[in-house]
Amino acid sequence: MALGPDWRYDTSVRYRGKLKNGKLVGDLLIDFVGDPSLTREQLRDLLKRTGVRQVSGNVLLNQQHFGGYDHGNGWSWNDLSVCYTSPVSALILDRNCVQGALYARPDQPARATVPSHQPIEVSADVEVLSRAEQQRRFCELEVEMTPPNRYRLTGCIGPRKDPWPLRFAIQDVNAWGEQLTRWALGQAGLRVSGGILASRVQVGDWPELAHHRSPPLRELSRQILEHSDNLYADSLLRTLGAEHFQQPGSFRNGTLAVRNILNEQAGIDLGPSWLADGSGLSSHNLLRAEDLLAVLLVISRDPRASWLMGVLPVSGESGTLRYRRSVLGPALKGKIMAKTGTIAHVQNLAGFIDTDGGRRKAFVLLQNGLSISPEHERNIAAGQGEWPARRFERHWLEQAATPRAIAETNR
């Protein structure tokens, strides 16, 4: 409602100094704005469009658009090495994430690799052990991180025929940005006499040379809602803070912007609820089911928000509901449009369900504090039995879809 489905991120290249015939006597500035879809190739093309071929000064990587921490309060420290917790900085390139692989063949040490063009260092000191030996030694795969972007895998892993996929979250955004920008400058044929430096400056008096616009929010929101993308969600939260308060966006002003916008534009008072981020990763988040239901009702009734209905995942068909076992049966397949929310010991679902009586109802199902015994967990991993929370979810939704359940709800 605050930004609208056609809103876009706008990354620009600006300059200070004298520019003539492609030669800049001065500094070039790339103003990053937290676009989570921006790639190194798009940065290369943006630099080409400036027409600049030589810079006597520095290239500044500007991150003034965001302020404060690049990780949310309450994020689990031992998740920070993986890409679903990539830093939500103003400078985002290639999702601030690197994919790699760990090869674990029997009777030889494990070997970690990343593509040669990725400017990070990965090493492995990992044993390949049987499951019984792993359990006896209380051993598992761990990762140590050191500046600028070095990752050392330790511990142990079971043997695998296929490589184990790895996804490393960038830790040093400035080093990452410098290295990818250096590549983009070279590819664009742009020579720089000075350095590539991190900066935080106001760009109002820097003339613009070229800009890159992201896909519209309608498409970006599909990445958030269909695929539950944390980076996109948290970048949008910080952007809301920047737009609403006209200052660098942060998790603090972003969450307050959400409260203010819901109250001012939809009449929803979040009251004692506590927001810590946009993705839901933080253990500090506390939200009432009635608040989520109120938001869903706004989506279903307010023309300014109704476009969000079209980007929700559909049970058995798309996004995070395409393979969710609880909604694949004939009674529910294709009848649910909802956003998932899953972290350790939490399984939530909120959205809309088409009932057998031809009505569409909003629903919120929050399950917290979930736990099962180690034996039960091993059985489920072996394909025996079902996660109790999923079984409850399926039964609850099947009941909600029946005319009798709807009639009882409306009493």
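Scroll up for the structure.
Residues numbered from 1 in each chain as written. Predicted model: local features only at pLDDT ≥ 70, side-chain atom pairs only at ≥ 80, totals over all residues. Heavy atoms only, no water.

Brief notes about the side chain of threonine 255
Part 1 of the argument: With respect to the helices and strands, the residue threonine 255 is situated in helix 6 (residues 251–266).
Part 2 of the argument: What makes threonine 255 buried here is its relative accessible area of 9%.
Part 3 of the argument: Among all residues touching threonine 255, those that are not within four sequence positions of it are Leu237, Leu275, Ala276 and Asp277. (Helix = DSSP H or I, 4+ residues; strand = E, 2+ residues; numbered from the N terminus. Buried < 20%, exposed > 50% of the residue type's maximum accessible area, 1.4 Å probe, protein only. Contact = heavy atoms within 4.5 Å.)

Observations concerning the packing of aromatic side chains
Part 1 of the argument: The final tally for this structure, using the stated rule, is 4 aromatic pairs.
Part 2 of the argument: Both rings, one in tryptophan 75 and one in phenylalanine 251, keep their centres 6.0 Å apart while their planes meet at 80°; by these two values the pair is edge-to-face. Taken together, the residues span a long stretch of sequence, with tryptophan 75 in the loop between strand 4 (59–62) and strand 5 (97–103) and phenylalanine 251 in helix 6 at a distance of 176 residues.
Part 3 of the argument: A relative accessible area of 10% means that tryptophan 75 is categorised as buried.
Part 4 of the argument: With relative accessibility at 7%, the residue phenylalanine 251 sits in the buried group. (Phe/Tyr/Trp six-rings, centres within 6.5 Å; stacked < 30°, edge-to-face > 60°.)

Some remarks on unusual backbone geometry
Part 1 of the argument: The amide bond that connects proline 147 to the next residue, proline 148, takes the cis arrangement and shows omega of -5°.
Part 2 of the argument: Counting through the fold element by element, proline 148 comes out in the loop between strand 8 (142–146) and strand 9 (150–157).
Part 3 of the argument: Residue asparagine 21 is not a glycine yet carries a positive backbone phi of 50°.
Part 4 of the argument: You can see asparagine 21 is positioned in the loop between strand 1 (10–20) and strand 2 (23–31).
Part 5 of the argument: A positive phi angle, close to 65°, is found at arginine 95, a residue other than glycine.
Part 6 of the argument: Looking at the secondary structure, you find arginine 95 in the loop between strand 4 and strand 5.
Part 7 of the argument: Residue arginine 95 is classed as partly exposed on the basis of its relative accessible area, which comes to 26%.

Comments concerning the state of the cysteines
Part 1 of the argument: Under the counting rule described, the total for this entry stands at 2 disulfides.
Part 2 of the argument: One disulfide in the model links cysteine 83 with cysteine 97; its S-S distance is 2.0 Å. Handedness of the cysteine 83-cysteine 97 disulfide follows from its S-S torsion of about 95°: it is right-handed. Separated by 14 residues along the polypeptide, cysteine 83 in the loop between strand 4 and strand 5 and cysteine 97 in strand 5 bring together distant segments of the chain. For the pair formed by cysteine 83 and cysteine 97, the shared burial category is buried.
Part 3 of the argument: There is a disulfide in this structure between cysteine 139 and cysteine 156, and the S-S distance comes to 2.1 Å. Residue cysteine 139 is found in the loop between helix 2 (131–136) and strand 8, and its partner cysteine 156 is found in strand 9; the two are separated by 17 residues along the sequence. (Disulfide = S-S within 2.5 Å.)

Examining the packing of helix 5 (residues 230–245) against helix 6
Part 1 of the argument: Put simply, helix 5 and helix 6 touch, their axes get as near as 7 Å, and they point 70° apart. The orientation of helix 5 with respect to helix 6, classified from their angle, is roughly perpendicular. From helix 5, Asp234, Leu237, Arg238, Leu240, Gly241, Ala242, His244 and Phe245 reach across to helix 6, where they touch Phe251, Asn253, Gly254, Thr255, Leu256, Ala257, Val258, Asn260, Ile261 and Glu264.
Part 2 of the argument: In terms of residue class, the contact of helix 5 with helix 6 is built from 9 nonpolar, 6 polar and 3 charged. (Axes fitted to C-alpha atoms, helices over the stretch in contact; angles between N-to-C directions. Parallel < 35°, antiparallel > 145°, perpendicular 65-115°, else oblique. Nonpolar A, V, L, I, M, F, W, Y, C, P; charged D, E, K, R; others polar.)

Considering the nonpolar core
Part 1 of the argument: Formed by 40 residues in total, the largest nonpolar core has its most connected members in Leu28, Ile30, Phe32, Leu43, Leu47, Leu93 and Ile120.
Part 2 of the argument: No other element matches the 5 residues that helix 3 (residues 173–187) contributes to this core.
Part 3 of the argument: Contacts of leucine 93, omitting those with residues within four sequence positions, involve Phe32, Leu38, Thr39, Arg40, Leu43, Trp176 and Leu180.
Part 4 of the argument: Within the second largest apolar cluster, 26 residues are counted, among which are Ile224, Leu262, Leu270 and Met309. (Core = buried A, V, L, I, M, F, W, Y, C linked by side-chain atoms within 4.5 Å.)

Thoughts on helix 7 (residues 289–301)
Part 1 of the argument: Spanning 13 residues, helix 7 covers 18 Å between terminal C-alpha atoms, matching the ideal 18 Å at 1.5 Å per step.
Part 2 of the argument: Of all the positions in helix 7, only Asp291, Leu296, Val298 and Ile299 are classed as buried. The arc that holds every buried residue of helix 7, seen down its axis, measures 155°, which confines them to one face. Exposed residues on helix 7 whose side chains face more than 90 degrees from its buried face are Glu290 and Arg301.
Part 3 of the argument: Turning to helix 7, the residues buried within the fold contact helix 6, strand 15 (346–354) and strand 16 (360–368). (Expected span 1.5 Å × (residues − 1). Arc of directions from axis to C-beta.)

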